[in-house]
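# Notes for the structure review
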Amino acid sequence: MMKKHLELDSVTKYYAGQQKQLHALHEVSFDIDHGEFVSIVGPSGCGKSTLLKIIAGLDSPSSGEVRVRGNPVHGPHSKISMVFQSFGLFPWRTVIENVEYGLEMRNVPREERREIASRHLDMVGLGGYDQMYPKQLSGGMKQRVGIARALAVDPEVVLMDEAFSAIDEVTAEVLREEVTSIHNHTGKTFVLVTHNLPEAIELADKVVVLSSRPAKVKRIFNVDLNRPRDRAHEVFIHMHRDILHLLKEELENSLLRHKLRGVKELSNLHDMEDHALEG
Amino acid sequence: MSVEKQKALTLSLTGRILPHQTVSNYLWVMVLALGFASWEVVARLRLLPSSNLPAFSSVLVIFLFSVQQPAFLLRIAHSFLNLLCGLILAFSVALPTAFVAGSKNPFDMTLTPLVMIFGALPDLSFLPLLVLWFGAGDTACVIMASVAAFFPIYFTVREGTKSIPRELYDVTAVFKSNKLSTFTKMVLPSISPHLFSGLRLAYDFDWEIIIAIEIATRVAGIGNFIEGKVSSGSLAQGFAAIMAIALLAVAVDKTFFGTLESWSKKWS
């Protein structure tokens, strides 16, 4: 089996703004192996979610490319599924109908998709809730439905966009344990975007730290700790401290860049005033 | 009114205790019955001349007789069919237009101001032109009804489309939904509460428009029937026709729109 599952090769992204281009990602490159769990962290607004959308094929890079098993990603890929921050459930569909959605889009016969959806609902501990509507569920339960829906289509890669950030901490902790267990059992590749450092280290085999905008890969940490991971373990604490230090450094650099830009703009303004006076 | 008093009132009216919400649910029936009773008293005491206000009981008798007459029912069916055609025409134009306006900003910025200008005009001001172009008949009636129904459907569907969370589009894309599936399985259910409100408003507007046009242009519907009976002095028959329209309007509202609403209430 080919080792590299996902390859990000110099992924760069610009957005056209009203006045100037916004440089979101700058030559982001890293590889993800088969069955690996990778967390992506970075300062707020650095472009983590943009990167995840590019991997999902929901957005395209301005230059560079993402490859799955060596094939470039152009648009959504049948082997890639996603878990969304705000769950992304259809409120008019029952729990089981939501889980069936991806299978329905692949024209899986009704009986078969019902059986697959039921199995996945059981897996995330929601057996018996199949006829309920999303509004009747708690945040944690909604995200379980989101996870079941993502897994029901049997993807090779599961992308998670801040999947635990919209639920309370206790439920998030339980869900993280369940996701770890699903990862161990299924051997699928997981990519998690998060701003929660302990969560990133607890779940991942590899933590990719991005810089502030335009995001570049600042450093990649390999988490060589046995699961379940103890947050009080010395290695865990050191890694957390190191990543935090990197992010703080990034934040300070970013503020400095903003200040310098401000000074530059002020100086330009003075120049313009001088020219105007001379004129 | 306290809960105990409501329960006591329910007990006195029905002979059994019902949940107090039931009284509130049927309060409108009591108010309506009180209105009919007052009408009967005013007419019987001749507080208004009988040529201006026939007694409620007389109207009821004529109503019960009229609804058994095929000619009377055909008149109502004629008006209802015109209304339905207008509504379907408006729906088929307004739904795709409003969806595009709600999802494509440049289109919205071009089209919506124009729709607002036309929407601000009184609908019936177009009627003389329609009569001139299409004659005083069903065509003018249907077009006028569709013009009146267009605006509530357009604005509610546009608003509904704008309020669809971006994430739901991402969900459909991740699971490789095609454009038709995205529209039928995501967009339409998402906007359905807005669409139902728009259709309900359009339906109410259209009854007013249809009756007004039939009176003005003498199209052979129930509006024309009412006008004929009132001007010939058969006021009770006119009232009976109004009663029939009201009953039909309420029946459609409660059955068709009520069913749609209860479906959307289940999940929204």
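Residues numbered from 1 in each chain as written. Chains lettered and ligands numbered in written order. Predicted model: local features only at pLDDT ≥ 70, side-chain atom pairs only at ≥ 80, totals over all residues.

## Focus: the overall build of chain B
- A tally of helices and strands in chain B yields 12 helices and zero strands.
- Reading the helices (α) and strands (β) of chain B from amino to carboxyl end gives α-α-α-α-α-α-α-α-α-α-α-α.
- Viewed in the frame of its principal axes, chain B has a C-alpha envelope of about 70 × 60 × 30 Å.
- Put simply, chain B has 268 residues, and 31% of those count as buried.
- Within chain B, residue pairs in contact and separated by at least 24 positions form 68% of the contacts whose partners lie at least 6 positions apart. (Helix = DSSP H or I, 4+ residues; strand = E, 2+ residues; numbered from the N terminus. Buried ≥ 20, exposed ≤ 12 C-beta atoms within 10 Å, placed from the backbone. Contact = placed C-beta atoms within 7 Å.)

## Looking at the environment of Ala37(B)
- Mapped onto the elements of the fold, Ala37(B) is located in helix H3 (residues 27–44).
- In this structure Ala37(B) comes out as exposed when scored by C-beta crowding, with 11 C-beta atoms within 10 Å.

## Focus: the interface of chain A and chain B
- Each partner contributes residues to the interface: chain A has 18 residues there, and chain B has 15 residues.
- Elements with a contribution of two residues or more to the side of chain A that touches chain B: strand E6 (80–83) and helix H2 (95–105) of chain A.
- With three residues, the single largest contributor to the side of chain A that touches chain B is H2(A).
- Broken down by class, the residue content of the side of chain A that touches chain B amounts to 12 nonpolar, five polar and one charged. (Nonpolar A, V, L, I, M, F, W, Y, C, P; charged D, E, K, R; others polar.)

## A closer look at the packing of helix H7 (residues 127–134) of chain B against helix H8 (residues 138–162) of chain B
All names here are of chain B.
- One way to put it is that H7 packs onto H8 with a least axis distance of 9 Å and a crossing angle of 140°. Taken together, the axis directions place H7 and H8 in an arrangement best described as oblique. Remark: the crossing between H7 and H8 carries right-handed chirality. On the side of H7, the interface is formed by Leu127, Leu130, Val131 and Phe134, while H8 contributes Thr139, Ala140, Ile143 and Met144. (Axes fitted to C-alpha atoms, helices over the stretch in contact; angles between N-to-C directions. Parallel < 35°, antiparallel > 145°, perpendicular 65-115°, else oblique. Left-handed = near helix turned anticlockwise from the far one by under 90°.)

## Focus on the sheet that holds strand E7 (residues 157–161) of chain A
All names here are of chain A.
- The sheet built from six strands is open, its strands ordered E6-E7-E8-E3-E9-E10 with mixed pairing. Edge positions in the sheet fall to E6 and strand E10 (217–222), since each of these pairs with one other strand and no more. Mean inter-strand twist for the sheet, computed between neighbouring axes without regard to direction, equals 20°.
- By the bridge criterion, four bridges tie strand E3 (residues 37–41) to strand E8 (residues 189–193) in an arrangement that is parallel. Following the sheet pairing, Phe37 is matched in E8 by Phe190.
- Across the sheet, helix H4 (residues 139–152) lies against E6 and E7, angled at about 175° from E6, the strand it touches most. (Pairing = 2+ DSSP bridges.)

## Here we look at the packing of helix H10 (residues 179–217) of chain B against helix H11 (residues 222–231) of chain B
All names here are of chain B.
- At a minimum axis separation of 7 Å, H10 and H11 run at an interaxial angle of 55°. The angle between the axes of H10 and H11 places the two elements in the oblique class. Crossing hand, H10 versus H11: right-handed. Facing Ile210, Ile211, Glu214 and Ile215 of H10, the residues of H11 in contact are Gly223, Asn224 and Glu227.
- Here the contact of H10 with H11 is composed, by residue class, of three nonpolar, two polar and two charged.

## As for unusual backbone geometry
- Cis geometry marks the peptide bond from Arg213(A) to Pro214(A); its omega dihedral reads -5°.
- Along the polypeptide, Pro214(A) turns up in the loop between strand E9 (206–210) and E10.
- In this chain, Arg227(A) is followed by Pro228(A) through a cis amide linkage whose omega measures -5°.
- Summarising the element assignment, Pro228(A) is placed in the loop between E10 and helix H7 (234–278).
- In this structure, Glu162(A) takes a positive phi of about 45° despite not being glycine.
- You can see Glu162(A) is positioned in the loop between E7 and helix H5 (169–186).
- Of note in the backbone geometry, Lys176(B) takes a positive phi value of approximately 55° without being a glycine.

## Points about the pairing of strand E1 (residues 4–16) of chain A
Residue and element names in this part refer to chain A.
- As paired elements, E1 and strand E2 (residues 21–33) share nine bridges and run antiparallel to each other. Across the sheet, the residue bridging to Tyr14 is His23, located in E2.
- Two strands pair when backbone bridges link them, and E1 and strand E4 (residues 63–68) are joined in this way by five bridges, in the antiparallel orientation. The partner of Leu8 across the bridge, within E4, is Val66.

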